[in-house]
Amino acid sequence: METGLQILGGLLLLAFGGEALIRGAVGMARRFGLSEMLIGLVLVGFGTSAPELITSINAARSGAAGIAIGNVLGSNISNVLLVLGVVVLIRPIRVNPAAVGRDGTVAIVAAALLAAIALTLGELSRVTGVALTMLLLIYIAVVWRLERNGGAAAELHVEESHTHDPAPRPVAMLIVFTVAGLGMLLFGADLLVRGAVTLARLAGMSETVIGLTIVAVGTSLPELVATLTAALRGRADVAFGNIVGSNIYNVFGILGITALVQPITIPADVSLVDWAVLVGSAILLMLVARTGARISRVEGAILVALYAGYVVYLIA
């Protein structure tokens, strides 16, 4: 009972904390005159991945490498198969390939690079952390340079900046939102990691499986909310952008920064199947986006079924 409350409390704090952090940061960014595209590309991108970041750092420092790695792998997989699948089941969408083509390719490269590093080196060292973080900074710089003059992808990031619009408030209130959000993230991540470790021991499951499933889905809640909101507003490209952007930030940013704070040894129970599903889901997302066709509820059901099959495999 106590373990369940810890996990539930941690997930709720992460969800509300992430939202408060984004709204406070976006509000202050507008007050200081930052461009909408920069807000969407950087603040919203980092903000929606904040639960994964705090959770992975907390898990790594606690010696729970399975949760630290599983959280990011599982989050990227669930973003594509579960989040997109659920959104499409609720509202079929059509996406503009020009708006997500480049970022979709980067997401595939990020997933493949992470799998290659893990399978060859067996760890994420501080050197690897520096490399991944630098790749994220290079990606942001290149995107900013390419999109300064507008275009479909630039419009996507501008629209993303409005997915977490705060009501106009004094700067002091926005600071309170930001600090409170960060506090909830820190406390929520601590609760979630402790609860997840205890659950793994009680259920006789590995920390990696808990990280790939319960923790990953929980930290993906901000992506689900943002993606569903965008789809219901008729902005399918923004819905896709949320998923693709989150997956890029998770690999380069979340694991990069986590490895800088605490190097991570890849758990032995992260199998070839897990890496194949990670890379395969990134490729599947790109293929779906490239068709430019309407994604139907049947296809959404297939995505959710694929995720359910993966979870059954993990548990079995």
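Quick notes on the rules
- The residue count restarts for each chain, going from 1 along the sequence in the order it is written.
- Given that the model is predicted, a residue must reach a pLDDT of at least 70 before its local features are reported, and side-chain atom pairs must reach 80 or more before they are shown or counted; all residues, however, enter totals for whole chains, interfaces and linings.
- Side-chain figures throughout are based on the complete set of non-hydrogen atoms in the structure, without hydrogens or water.
- Secondary structure counts use DSSP, requiring at least four H or I residues in a row for a helix and at least two E residues in a row for a strand, with both numbered from the N terminus.
- Relative accessibility thresholds used throughout: buried, under 20% of the residue-type maximum; exposed, over 50%; partly exposed, between the two (1.4 Å probe, protein chains only).
- What makes two residues a contact is simply this: any of their non-hydrogen atoms within 4.5 Å.
- Per-residue and other accessible areas follow the Shrake-Rupley method at a 1.4 Å probe size, with only the shown protein chains counted as cover for residues.
- Fitted lines through C-alpha atoms serve as axes, helices being fitted only where they are in contact, and the angles separating the N-to-C directions of these axes extend from 0 to 180 degrees.
- Any angle from 65 to 115 degrees is called roughly perpendicular, while one under 35 is roughly parallel, one over 145 is roughly antiparallel, and all others are oblique.
- The crossing is said to be left-handed when, going from far helix to near helix, the turn is anticlockwise and less than a right angle, and right-handed when the turn is clockwise.
- Put simply, Ala, Val, Leu, Ile, Met, Phe, Trp, Tyr, Cys and Pro go in the nonpolar bin, Asp, Glu, Lys and Arg in the charged bin, and everything else, Gly too, in the polar bin.
- Only the six-membered ring of Trp is used, alongside the rings of Phe and Tyr, when aromatic pairs are assigned; centres must lie within 6.5 Å, and planes under 30 degrees apart are stacked while those over 60 apart are edge-to-face, with the rest tilted.
- Residues enter a nonpolar core if they are buried and are Ala, Val, Leu, Ile, Met, Phe, Trp, Tyr or Cys, with the set joined through side-chain atoms within 4.5 Å.
- Nonpolar side chains (Val, Leu, Ile, Met, Phe, Trp, Tyr) within 5 Å and like charges within 9 Å form the patches, drawn only from residues with over 30% relative accessible area and no salt bridge.
- Just to be clear on terms, a salt bridge is a Lys or Arg side-chain nitrogen sitting within 4 Å of an Asp or Glu carboxyl oxygen.

K.L.:
Is there a simple way to think about the overall build of the protein in this case?
P.N.:
When helices and strands are counted, the protein shows 13 helices and four strands. Buried positions account for 53% of the 316 residues belonging to the protein. Restricting the contact set of the protein to residue pairs at least 6 apart, pairs at least 24 apart contribute 88%. Accessible surface, the protein: about 12,800 Å² in total, of which carbon and sulfur atoms supply 70%.

K.L.:
Would you explain the packing of helix 3 (residues 50-61) against helix 4 (residues 65-90) in this entry?
P.N.:
Two packed helices can be described by the angle between their axes and the distance between those axes. Between helix 3 and helix 4, the least distance of the axes is 6 Å, while the angle of their chain directions is 155 degrees. The orientation of helix 3 relative to helix 4 falls into the category roughly antiparallel. The two elements helix 3 and helix 4 meet at a crossing, and its hand is left-handed. Across from Glu52, Thr55, Ser56, Ala59 and Ala60 in helix 3, the residues of helix 4 making contact are Ala65, Ile67, Ala68, Asn71, Val72 and Ser75. Within the contact of helix 3 with helix 4, the residues separate by chemical class into six nonpolar, four polar and one charged.

K.L.:
Honestly, the packing of aromatic side chains in this entry has me stumped. Any pointers?
P.N.:
A ring pair, where both rings are aromatic, is described by two values, the distance of the centres and the angle of the planes. Taken as a whole, this structure holds one aromatic pair when the rule is applied. Geometrically, the ring pair formed by Tyr310 and Tyr313 is stacked, given 6.4 Å between the ring centres and 25 degrees between the ring planes. Here the residue Tyr310 and the residue Tyr313 both occupy positions in helix 13 (residues 297-315), the gap between them amounting to three residues, near one helical turn. A relative accessible area of 6% means that Tyr310 is categorised as buried. Taking the relative accessible area as the measure of exposure, Tyr313 reaches 39% and is therefore partly exposed.

K.L.:
It is not clear to me how the nonpolar core should be interpreted in this structure. Could you clarify?
P.N.:
Within soluble globular proteins, side chains that are nonpolar tend to cluster in buried spots. Ile69, Leu73, Leu84, Leu114, Leu124 and Trp275 are the most contacted members of the largest nonpolar core, which totals 75 residues. Broken down by element, the residue count for this core peaks at 13 residues, all from helix 4. Residues contacting Leu84, with those up to four places away along its chain left out, are Asn79, Ile93, Phe240, Ile243, Leu285 and Leu303.

K.L.:
Honestly, a nonpolar patch on the surface in this entry has me stumped. Any pointers?
P.N.:
A surface patch of nonpolar side chains, amounting to about 790 Å² of accessible area, comprises Leu113, Val130, Met134, Leu135, Leu137, Ile138, Val142, Leu146, Leu260 and Val261. Looking at the nonpolar patch, the elements that each hand over two or more residues are helix 6 (126-147) and helix 11 (236-261). Per-element accounting of the nonpolar patch gives the leading share, seven residues, to helix 6. For Leu146, the position within the fold is in helix 6.

So yeah, pure geometry; function would need other evidence.
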